[in-house]
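Structural overview
Each chain is listed here by its residues.
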Amino acid sequence: MAKVVTYEELKAHSTKDDLYVLIHGEVYDVTKFIDEHPGGDDVILAEAGKDATQAFEDVGHSDEARDLLPPLLVGSFEKDGALKISDTKAPGSGASVSDAVEQGSNLMYFVPLTLLGAYFAWRFYGA
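About the thresholds
- Position labels on residues start from 1 in each chain and follow its written sequence.
- Only residues with pLDDT of at least 70 are given local features in this predicted model, and only at 80 or more are side-chain atom pairs given and counted; all residues enter the totals for whole chains, interfaces and linings.
- To obtain the side-chain values, all non-hydrogen atoms of the structure were used and water was disregarded.
- Two strands pair under a simple rule: DSSP has to find at least two bridges between them.
- Strands here are runs of E lasting at least two residues and helices are runs of H or I lasting at least four, both read from the DSSP assignment and numbered beginning at the N terminus.
- Salt bridges are counted wherever a side-chain nitrogen of Lys or Arg sits within 4 Å of a carboxyl oxygen of Asp or Glu.
- Categorising residues by exposure relies on relative accessible area from a 1.4 Å probe, with only protein chains included: less than 20% of the type maximum marks a residue as buried, more than 50% marks it as exposed, and the intermediate range marks it as partly exposed.

Let us now look at the sheet that holds strand E1 (residues 3-5). If you trace the 5 strands from one edge of the open sheet to the other, you get E1-E5-E4-E3-E2, paired in mixed fashion. Only two strands of the sheet have a single partner each, and these edge strands are E1 and strand E2 (14-15). Here E2 runs beside strand E3 (residues 18-23); their pairing, made up of 2 bridges, is antiparallel. Across the sheet, the residue bridging to Thr15 is Asp18, located in E3.

Moving on, we get to the pattern of salt bridges. Here the structure, examined in full by the defined rule, presents 4 salt bridges. A salt bridge links Lys3 to Glu9; the nearest nitrogen and oxygen atoms lie 2.7 Å apart. Overall, Lys3 belongs to the partly exposed group, its relative accessible area being 39%. Put simply, Asp35 and Lys16 hold a salt bridge, and the shortest N to O gap is 3.5 Å.

All we've got here are geometric facts, nothing functional implied.
Structure representation (structure tokens):
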């Protein structure tokens, strides 16, 4: 059974020597990673004791960065705690991503076809 981390426990682990971070409703122990963080330790420390989901997503972390999270997992954050969790969805988990892919795939077909049609029209009527 996964551990449930309370808001008080999250706040208690908010120093450079003992740091928990809350991202997408999951709590991660990033103490060992903080010195390796490419953005520096101040960036992570600024999000200590609160929901860091928005800050994490705003940066646009790579898949490699996201793959580092599972081994650092402590547990889930309490659902009805003093801190309200952000509703920000993880990339790849929403209808907006699906819509963007559909719109992108439409452009991938229509733009080249339009250019090809314009080329043949120019060759046929211009010659």
